[in-house]
Amino acid sequence: MNILVTGGAGYIGSHTCKALADQGYAPIAYDNLSTGHRELVRWGEFIHGDILDTGLLIRIMRDFRIRGVIHFAALSQVGESVTYPDRYYRNNITGTMSLLEAMRLCDVPDIVVSSTCAVYGLPEKTPITESCPKNPVSPYGVTKALMESMLEDYCRAYGLRGVALRYFNAAGCDAAGETGEWHVPESHLIPRVIMAARGDLPALHIFGKDYKTQDGTCIRDYIHVTDLADAHVRAMRHGHARGSMLALNLGAGQGFSVKEIVDAAERILGVPVPHEWHDRRAGDPPVLVADPEKARQALEWRPACSDLDTILRSAAAWYDALRKKPACLI
């Protein structure tokens, strides 16, 4: 079965292409390489294209007889979305509509989309269930919530079968070192912790030490990217009724504070992590932890490698390999 993976040259997309190939699917990675990397496409075909190009999407779906789509091609930086909301609405909303139109015209029935816990905004309770109200506080979160609504409408009207997977904090890298997290510049906490430990950052910036948590720093739910990829393959073969959409949280169901991440990295790497304290960032919730029970039941899925040590060791091994190729870090 040929599966089109938009954003297949990216962090989660490339891991999912590997998982698809391991399960006997044929992934077709479709990416404009604005943030992805051609070197990460190691499983299946690669097509250079943009999701705004509906005509190209239609040709690809027909030429490759695509039977399902996994959609990762989105802009995903919260701060950037505040500065450049136009980019986020164009790519995340107009681009997703372009993709759905191509699917409708080519009668491709199944789609799994990358969503986010940012659709919940500042939740009133934790752990967060799928029944919690959607109240996003950034243009990024708004575009993902609108994407979910659009997908639900398309499923209902045109008989598509959709799954929206709401990630918490993707982390870690492929255990075999064949793909990994590669953002330029890097904004995620765990790789930045490793960068500081290796001397590639003067210091890690920690935003806020007066939250109502056990050590005053924010708590987040970290899910290993390999577990995320496995969930996408399971969602693709879920087989719920056409004309319906399923929304599922993907998290480990356990939170770690920023300070706990730093302490664990120092223990595992054997060196201090230089860090500086800064004021809170606007809109940062004190705690974001998933209740992943619905995904466990619907997909028969459980995280297998999302313990903190595995996440940090795999992330460090990948980053150390990248450091041997300095051009990759520019």
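Structure: see above.
**Observations concerning the overall build of the protein chain**
Phase 1 of the analysis: A count of helices and strands for the protein chain gives 10 helices and 13 strands.
Phase 2 of the analysis: Relative to its length of 330 residues, the protein chain is compact, with a C-alpha radius of gyration of 19 Å against a globular reference of 20 Å.
Phase 3 of the analysis: For the protein chain, the spread of C-alpha atoms along the principal axes amounts to about 55 × 45 × 40 Å.
Phase 4 of the analysis: Burial status across the protein chain gives 55% buried among its 330 residues.

**Examining the pairing of strand S2 (residues 26-31)**
Phase 1 of the analysis: Judged by how many residues are buried, S2 sits mostly within the fold: five of six residues are covered.
Phase 2 of the analysis: With five bridges connecting them, strand S1 (residues 2-6) and S2 associate as parallel partners. In the strand pairing of S2, Thr 6 is matched with Tyr 30.
Phase 3 of the analysis: Chirality of the crossover, the property in question, places the unit of S1, helix H1 (residues 11-22) and S2 among those that are right-handed.

**Focus on unusual backbone geometry**
Phase 1 of the analysis: Between Thr 126 and Pro 127 the backbone carries a cis peptide bond, its omega angle lying at 0°.
Phase 2 of the analysis: Summarising the element assignment, Pro 127 is placed in the loop between strand S5 (110-116) and helix H5 (139-158).
Phase 3 of the analysis: The step from Val 184 to Pro 185 runs through a cis peptide bond, and the omega angle for that step is 0°.
Phase 4 of the analysis: If you trace the backbone, Pro 185 turns up in the loop between strand S7 (169-171) and helix H6 (189-197).
Phase 5 of the analysis: Positive phi values are uncommon outside glycine, yet Asp 107 reaches one of about 55°.

**Examining the side chain of Lys 144**
Phase 1 of the analysis: Note that Lys 144 resides in helix H5.
Phase 2 of the analysis: In this structure Lys 144 is buried but unpaired, with Glu 148 as the nearest side chain of opposite charge at 8.4 Å.
Phase 3 of the analysis: Not counting chain neighbours up to four residues away, the residues in contact with Lys 144 comprise Ala 74, Ser 114, Ser 115, Thr 116 and Val 119.

So, how was this worked out
Residues numbered from 1 in each chain as written. Predicted model: local features only at pLDDT ≥ 70, side-chain atom pairs only at ≥ 80, totals over all residues. Heavy atoms only, no water. Helix = DSSP H or I, 4+ residues; strand = E, 2+ residues; numbered from the N terminus. Rg over C-alpha atoms; globule rule 2.2 N^0.38 Å. Buried < 20%, exposed > 50% of the residue type's maximum accessible area, 1.4 Å probe, protein only. Pairing = 2+ DSSP bridges. Right-handed = clockwise from strand over helix to strand, strands pointing away. Lys, Arg positive; Asp, Glu negative; His and termini not counted. Salt bridge = Lys/Arg side-chain N within 4 Å of Asp/Glu carboxyl O. Contact = heavy atoms within 4.5 Å.

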